Amino acid sequence: MEFREYQNAIIYKGKEILSRYRFLYLAMEVRTGKTLTSLGIAEKMNVENVLFITKKKAISSITDDMKMLCPPFVMFTINYESLHKIPKIKWDLIIVDEAHSMGAFPKPSGRAKKVGDLIRRCRPYVILMSGTPTPESYSQMYHQVYSMPKNPFSVFKNFYKFADQYVNRKDKLINGRRINDYSDGRVDIVNKMKPYTINYTQKQAGFVSNIKEHMLHVPVDDSIYDMVAFLRKHRIIELEEGVILADTPVKLMQKVHQLFSGTVKFEDGSSVVLDESKAIFIKNRFKGDKIGIFYKFKEELNALKQVFGDDITADLEEFHSHPTKSIALQIVSGREGISLKQAKFLVYYNIDFSATSYWQSRDRMTTKERSENEVFWIFAANGIEDKIYRAVTAKKNYTLQHFRSDFYD
């Protein structure tokens with residue numbers, strides 16, 4: 001295979017940065033070829049053992065890229081959740097895909113700790129990759145790089161010391177308690193990372209695709225509106241199948257979100273489909289089209305299966321190989337590292353509270369050859385989804401503060 005001209009330039013520059021600092025951040029937007037570019041850099045580094053850490057659903061596409069490139073090194077690909085299963089060998093280079101997922105703060109996530117322990121043990125070259133390195137806050141950068149010996153923030157013992165210099169700390173009142181809010185990281189964080197980072201956009205790569213979004217409102221069953229109203233007033237509903245309990249504002253927000261899409265999770269952990277209105281609407285509206293469907297809650301997949309039957313799959317390989325079958329993916333697990341370019345449309349059964357989910361998942365159909373992508377949002381009429389959409393499109397997570405303003409009496 002041959003790399004594109006811009007990929008060759010990034011490979012050359014990336015090798016220089018990696019050789020000098022022992023770590024590199026590839027901040028390349030989706031569909032610009034991060035994976036192949038990182039493998040090209042690995043090839044230039046003359047390493048033998050490469051570990052590629054990614055999300056489970058992305059493993060098959062990474063394996064395909066590896067076969068296409070056929071490099072001289074040995075590579076082991078694994079998902080974050082299975083890091084405890086990796087062979088106990090010394091890795092010369094570790095590639096960390098979707099690195100922003102390690103960006104929790106002020107405490108490091110379990111994921112960041114596991115990757116950090118691995119880096120400290122092997123002392124490898126490290127390539128971090130993400131199309132959105134700090135999707136919600138510049139403060140997310142610290143724990144992505146804190147295990148790199150030559151990272152620009154290594155003088156700080158922990159996140160709190162780092163925050164003293166790089167974060168505008170604020171007080172926030174949550175449920176009557178004042179907590180420290182460290183989300184207002186300063187732009188100085190990004191500036192400090194510039195020597196270690198290569199940024200590349202779809203526009204630079206020649207992508208001209210436009211994402212056209214449509215909001216379609218579906219009247220759901222009257223019982224759903226009745227349950228939402230009852231739950232807001234009484235905070236509990238007892239059904240034959242189980243108890244819906246919303247004894248805290250957070251629970252109320254979650255239950256209202258579930259109900260407007262026709263499912264609910266009971267207090268005992270079981271869940272049920274209450275209304276198939278959205279699934280029926282999607283099947284009728286997109287009849288004959290090969291589509292990609294994103295859902296939020298697991299029970300929503302059951303609603304789709306009940307309505308679509310064998311016309312839908314949750315398996316990427318089956319979706320790619322079958323000429324007409326559509327696919328249903330959970331938003332968080334499907335928003336990164338996969339391609340749905342064979343889908344005619346993207347259809348959202350529900351919407352996630354996360355701004356990251358919005359910006360990343362809707363780009364799954366983009367290719368350099370595709371000039372327009374159409375995305376359809378299926379919202380309950382007079383539901384909560386429009387309000388969530390308004391927040392995430394403004395690059396803000398939908399929080400309890402939003403919900404209080406919208407629904408909570």
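Everything that follows concerns the structure shown earlier in this document.
Residues numbered from 1 in each chain as written. Predicted model: local features only at pLDDT ≥ 70, side-chain atom pairs only at ≥ 80, totals over all residues. Heavy atoms only, no water.

Draft legend 1. Summary view of the overall build of the protein chain. Along the protein chain, the regular secondary structure elements total 17 helices and 18 strands. The C-alpha radius of gyration computed for the protein chain amounts to 23 Å, which stays within 12% of the reference 22 Å derived for 409 residues, consistent with globular compactness. Considered along the principal axes of its C-alpha atoms, the protein chain spans approximately 65 × 55 × 40 Å. Per-residue burial over the protein chain gives 53% buried out of 409 residues. Considering only intrachain contacts with a sequence separation of at least 6, the fraction spanning at least 24 residues in the protein chain is 71%. Summed over all atoms, the accessible surface of the protein chain reaches about 19300 Å², with 48% contributed by carbon and sulfur. Positive and negative side-chain charges of the protein chain, numbering 62 and 49 respectively, have mean locations separated by a distance of 8 Å. (Helix = DSSP H or I, 4+ residues; strand = E, 2+ residues; numbered from the N terminus. Rg over C-alpha atoms; globule rule 2.2 N^0.38 Å. Buried < 20%, exposed > 50% of the residue type's maximum accessible area, 1.4 Å probe, protein only. Contact = heavy atoms within 4.5 Å. Areas by Shrake-Rupley, 256 points an atom, 1.4 Å probe, with all protein chains shown as cover. Lys, Arg positive; Asp, Glu negative; His and termini not counted. Charge placed at Lys NZ, Arg CZ, Asp CG, Glu CD.)

Draft legend 2. Just the environment of L18, in detail. As for its placement among the helices and strands, L18 is situated in helix α1 (residues 5-21). Here L18 falls in the buried class, since its relative accessible area comes to 0%. Measuring from C-alpha to C-alpha, the distance between L18 and I211 comes to 35 Å, with 193 residues separating the pair along the chain. In contact with L18, other than residues within four places in its own chain, are F23, L24, I41, M45, L93, Y125, V126 and I127.

Draft legend 3. Focus on the pattern of salt bridges. A full pass over the atoms with the stated rule returns 11 salt bridges. Among the salt bridges present, the one from E267 reaches K251, with a minimum N-O distance of 3.1 Å. Placement of E267 in the loop between β12 (263-265) and β13 (271-273) and of K251 in helix α10 (residues 249-259) is noted, with a sequence separation of 16 residues between them. (Salt bridge = Lys/Arg side-chain N within 4 Å of Asp/Glu carboxyl O.)

Draft legend 4. Spotlight on the side chain of E385. Along the chain, the position of E385 falls in helix α16 (residues 385-392). Judged by relative accessible area, which is 0%, E385 ranks as buried.

Draft legend 5. Examining the packing of aromatic side chains more closely. The full count for this structure, using the stated rule, is 29 aromatic pairs. A ring pair is formed by Y225 and F260, whose centres lie 6.1 Å apart and whose planes are at 65 degrees; its orientation type is edge-to-face. Placement of the pair is Y225 in helix α9 (residues 222-234) and F260 in the loop between α10 and β12, with a sequence separation of 35 residues. Residue class for Y225 comes out partly exposed when judged on its relative accessible area of 25%. Under the relative-accessibility criterion, F260 is labelled buried at 2%. Each residue in the set F105, Y142, Y146, F153, F156, F159, Y160, F162, Y166 and Y182 is aromatic and connected to the rest through ring pairs, giving one cluster. Between R285 and the ring centre of F286, over which it is positioned, the NZ or CZ distance is 5.0 Å. The ring of F297 is capped by K296, whose NZ or CZ atom sits 5.6 Å from the centre of that ring. (Phe/Tyr/Trp six-rings, centres within 6.5 Å; stacked < 30°, edge-to-face > 60°. Lys NZ or Arg CZ within 6 Å of the ring centre and 35° of its normal.)

Draft legend 6. Structural context of the sheet that holds strand β5 (residues 125-129). Read from one edge of the open sheet, six strands run β3-β2-β4-β5-β1-β8, paired in parallel fashion. One side of each edge strand has no neighbouring strand; the edge strands of this open sheet are β3 (74-79) and β8 (197-200). The sheet shows a mean angle of 15 degrees between the axes of neighbouring strands, direction not considered. Summarising the sheet, strand β1 (residues 23-28) and β5 pair through four bridges and their orientation is parallel. Note on β5: the bridge partner recorded for L24 is I127. This element, helix α3 (residues 59-69), spans β2 (49-54) and β3 of the sheet and lies at about 170 degrees to β3. (Pairing = 2+ DSSP bridges. Axes fitted to C-alpha atoms, helices over the stretch in contact; angles between N-to-C directions.)

Draft legend 7. Region of interest: the pairing of β1. Burial analysis of β1 places six of its six residues in the buried class, which makes it a mostly covered element. Here β1 shows no split at all, with F23, Y25 and A27 on one side and L24, L26 and M28 on the other all buried.

Draft legend 8. Structural view of the nonpolar core. One finds L128 and F153 to be the most contacted residues of the largest nonpolar core, which totals 68 residues. The contact partners of L128, leaving out residues within four places of it in the chain, are F23, L24, Y25, L26, V96, A99, M102, Q144, V145 and M148. In this structure, L231, L329, L340 and Y358 belong to the second largest nonpolar core, which totals 44 residues. (Core = buried A, V, L, I, M, F, W, Y, C linked by side-chain atoms within 4.5 Å.)

Draft legend 9. Broad picture of the packing of helix α11 (residues 277-285) against helix α12 (residues 298-308). Their axes nearest at 9 Å, the elements α11 and α12 cross at an angle of 50 degrees. With respect to each other, α11 and α12 are oriented oblique. Handedness of the α11/α12 crossing: right-handed. On the side of α11, the interface is formed by A279, I280, I282 and K283, while α12 contributes A303, L304, V307 and F308. Split into classes, the residues belonging to the contact of α11 with α12 amount to seven nonpolar, no polar and one charged. (Parallel < 35°, antiparallel > 145°, perpendicular 65-115°, else oblique. Left-handed = near helix turned anticlockwise from the far one by under 90°. Nonpolar A, V, L, I, M, F, W, Y, C, P; charged D, E, K, R; others polar.)

Purely geometric numbers; function is a separate question.
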